[in-house]
Amino acid sequence: DTAVSQTPKYLVTQMGNDKSIKCEQNLGHDTMYWYKQDSKKFLKIMFSYNNKELIINETVPNRFSPKSPDKAHLNLHINSLELGDSAVYFCASSELDTQYFGPGTRLTVL
Amino acid sequence: GESVGLHLPTLSVQEGDNSIINCAYSNSASDYFIWYKQESGKGPQFIIDIRSNMDKRQGQRVTVLLNKTVKHLSLQIAATQPGDSAVYFCAGGSQGNLIFGKGTKLSVKP
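Residues numbered from 1 in each chain as written. Chains lettered and ligands numbered in written order. Predicted model: local features only at pLDDT ≥ 70, side-chain atom pairs only at ≥ 80, totals over all residues. Heavy atoms only, no water.

1. Some words on the interface of chain A and chain B
- Residue-level contacts link 18 residues of chain A with 19 residues of chain B.
- Together, the buried faces of chain A and chain B total about 1,500 Å²; carbon and sulfur atoms form 54% of this surface.
- Looking at the side of chain A facing chain B, the largest losses of area belong to A:Lys41, A:Leu43 and A:Asp97, adding up to 35% of the total buried there.
- Remark: the boundary between chain A and chain B carries six residue pairs in polar contact (both at pLDDT 80 or more).
- If you list the elements that add at least two residues to the side of chain A that touches chain B, you get β4 (31–37) and β10 (99–101) of chain A.
- Tallied by class, the residues present in the side of chain A that touches chain B amount to ten nonpolar, four polar and four charged. (Contact = heavy atoms within 4.5 Å. Buried area = accessible area lost by both parts, 1.4 Å probe. Polar contact = N/O pair within 3.5 Å; in protein donor to acceptor, adjacent residues only side chain to side chain. Helix = DSSP H or I, 4+ residues; strand = E, 2+ residues; numbered from the N terminus. Nonpolar A, V, L, I, M, F, W, Y, C, P; charged D, E, K, R; others polar.)

2. Looking at the pairing of strand β7 (residues 62–67) of chain B
Residue and element names in this part refer to chain B.
- Pairing geometry for strand β6 (residues 56–58) and β7, over three bridges, is antiparallel. Its bridge partner being in β7, Lys56 is matched across the sheet by Leu65.
- Connecting β6 to the next strand, β7, in antiparallel fashion are three residues, including Arg61 with a positive phi near 65°.
- Hairpin remark: β7 followed by strand β8 (residues 72–77), antiparallel, with four residues in the connecting loop; positive phi at Lys71, about 55°. (Pairing = 2+ DSSP bridges.)

Structure follows, in structure tokens:
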């Protein structure tokens, strides 16, 4: 019944590794997002996809690459992980303006 | 640049009292505003939203007020309960693009 789900919930990895976070929504929404929340709880948008097409790409290192195989999924792949990538990453989806968030993935880079 | 900010980083209230959380925004083109509640370890949860053609909207125990003249938004929680303890975010924007404020941590004293 979960509307927006993310896996994994926790991800601990070494610097330099490549990792992916998956997101799925069963709300039938056309638009999906990735946000990064830092240690001070600040939420900043990274990417937005509408019907599998990229519509927002904020200033994010190109080590981050979103992929949307279909409109219900938006995955985030991160190459060459750095210490500063440690944060909580949230996926969200929307039909119009209201965005619904997933439970988050806490990424820790050692 | 565009920003959405909160006046206070923390707010402590007595159980049963009313809480008011304030927010200011800078972009007069924003036509949609939303409040989220984020509990520890969870994703932001939708509380209430309002469009710029309204100045007040009420939900269950919550009211959002919008003053476009001074670009100010507030969330009022009636009869605050311990379960209301969380970080509250305001966000504003248009066309599906939301800018989030920094968050106010609400603590409810029994």
